[in-house]
Amino acid sequence: MVNDQFVFRRHTIYEGLPAERMSCVVGDLNNDGVDEFVISTRNPEQLHWFGRTSSGTWEPHLMDDTFASISVGGVLVDLTGNGRLDLIASTSDKGNYVYWWECPADPEQPWVRRDVARLPGNRTHDLLLADIDGDGRQELYVWNQDAKTLFWVQLPDDPYVTPWPDFKPVVTGLDEQALAAADVDGDGQLELIAGCSWYRLLPGGKWERHVYTEDYGGTRVVTADFDGDGRPEIAICEVGADIGKPHGRLALFKPGKHPEDLWEAQVLHDRIADGHSLQVADFDGDGHPDIYVGEMGLTDWNDQPPVQRIFLSRGDRMEEHIIDTGVGTHEAQVIKLDGRFGIISKPYRSLQDLAPRPEGVDALYLYLPE
């Protein structure tokens, strides 16, 4: 059942020239205590970060425009130990590099790009930082779709070493996407969730794969304890374009007594129009994690206007709220501003798409609760 009493307002915060806006990453880039965000574009190939000014407007700052296009995903982390967040991101189908950008003393100046690794195939889609081996330091995980491999590497003591040593596969022979981490088996250690499987790290650096669903593909994935039973669930949204269909499903997966077995699926929605955005946060402030799912939308957005939804945790059920209709989004991200969780929304449309370019597709939007 849809409940429309939960109100978010859409704010247009930037209107840009036509481009393919690929990734969005959120973090405090200038150490002012306020979240900013990074947007990568293809055609032209550029990286900008956007900061909120004293007047409340959002101002772009060019980071770099000298690279092959950046794909979906990216992470912010202080690699150098100087207290400033650096960016790690990787190339789309136009390249096979993982890069990192060093934040300068004045982050409004150009950032220095360095190589992390050259992967065996083009096309990366999703990166994750997590301490899954339990040594107190995070590792980097990278899907490399054209190589059908998920890679991992320790963050090095010296990030200036090129390439970073010891890139290793978690799994090969899989063309999947999406990454998360949670204590799936209750052993007190994080496990890796990647696509439709979760992976346990064994002694000696070997990975043990467990498939939790065989019926979903082209996924975006988040994880949290949505029902409050002390065990994490996994939420999946199928990206319609990635599975060759106009629509995909949004489902919540719950483990049984043995998490190594297939998990039980609860379908929350079965007609998501190219849902390329899936996020988790406590949007209503009740202390429980909620789900945001955003539709990228089809063609020119007119025949079927894209919908943005939030599903609020209500114990044993998820309560659906439509927060906007008519503007699509792609890789939207949670952002916390003024003590509230909102959404940075970044529409996407290929410049080669034969459908009329939707009105508003080249703007950036901020959703905040009333």
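Our subject is the structure that appears above.
Residues numbered from 1 in each chain as written. Predicted model: local features only at pLDDT ≥ 70, side-chain atom pairs only at ≥ 80, totals over all residues. Heavy atoms only, no water.

Chemist: Can you lay out the pattern of salt bridges for me, pointing to particular residues and giving the numbers?
Modeler: Across all of its chains, the model carries 30 salt bridges by this definition. For Glu-20, the salt bridge goes to Arg-42, with nearest N and O atoms at 2.7 Å. Taken together, the residues span a long stretch of sequence, with Glu-20 in strand S2 (residues 20–27) and Arg-42 in strand S3 (residues 36–42) at a distance of 22 residues. Classification of Glu-20 as buried rests on a relative accessible area of 1%. Note on Arg-42: relative accessible area 12%, which makes it buried. (Salt bridge = Lys/Arg side-chain N within 4 Å of Asp/Glu carboxyl O. Helix = DSSP H or I, 4+ residues; strand = E, 2+ residues; numbered from the N terminus. Buried < 20%, exposed > 50% of the residue type's maximum accessible area, 1.4 Å probe, protein only.)

Chemist: Could you give an account of the sheet that holds strand S15 (residues 191–194), naming the residues involved and the relevant values?
Modeler: Strand order in the open sheet formed by four strands is S14-S15-S16-S17, with antiparallel pairing between adjacent strands. Unpaired on one side and paired on the other, strand S14 (179–182) and strand S17 (207–211) mark the two borders of the sheet. Strand-to-strand twist across the sheet, computed as the mean angle between neighbouring axes with direction ignored, equals 25°. Across three bridges, S15 lies against strand S16 (residues 197–201) in antiparallel orientation. Bridged to Leu-192 within S16 is Tyr-199. (Pairing = 2+ DSSP bridges. Axes fitted to C-alpha atoms, helices over the stretch in contact; angles between N-to-C directions.)

Chemist: Tell me what's going on with the sheet that holds strand S24 (residues 307–313), and back it up with residues and numbers.
Modeler: If you walk across this open sheet you meet the four strands as S22-S23-S24-S25, and the pairing is antiparallel. Single-partner strands in this sheet number two, and they are strand S22 (275–281) and strand S25 (318–325). Geometrically, the sheet is characterised by an average inter-axis angle of 20° between neighbouring strands, direction not taken into account. In the sheet, S24 pairs with S25 via seven bridges, with the strands oriented antiparallel.

Chemist: I'd like a rundown of the nonpolar core, residues and numbers included.
Modeler: Of all hydrophobic cores here, the largest spans 18 residues; its most connected members are Ile-88, Leu-140, Leu-155, Trp-164 and Phe-167. Every element with two or more residues in this core is listed here: strand S6 (75–77), strand S8 (97–102), strand S9 (112–118), strand S10 (124–130), strand S11 (139–144) and strand S12 (149–154). Among all residues touching Leu-155, those that are not within four sequence positions of it are Val-77, Leu-79, Ile-88, Leu-129, Arg-137, Gln-138, Glu-139, Leu-140 and Trp-164. (Core = buried A, V, L, I, M, F, W, Y, C linked by side-chain atoms within 4.5 Å. Contact = heavy atoms within 4.5 Å.)

Chemist: A description of the side chain of Gln-308 should follow, citing residues and the corresponding values.
Modeler: Residue placement: Gln-308 occurs in strand S24. In this structure the side chain of Gln-308 is engaged in a polar contact, spanning 2.7 Å, whose partner is the backbone oxygen of Val-327. Ignoring sequence-local partners within four residues, the contact set of Gln-308 consists of Tyr-292, Val-293, Gly-294, Glu-295, His-321, Ile-322, Ile-323, Asp-324, Val-327, Gly-328, Thr-329 and Tyr-367. (Polar contact = N/O pair within 3.5 Å; in protein donor to acceptor, adjacent residues only side chain to side chain.)

Chemist: A description of the pairing of S22 should follow, citing residues and the corresponding values.
Modeler: The buried count for S22 comes to six of seven residues, which makes it a mostly enclosed element. In the sheet, S22 pairs with strand S23 (residues 290–295) via six bridges, with the strands oriented antiparallel. Paired with Ala-281 across the strands is Asp-290, a residue of S23.

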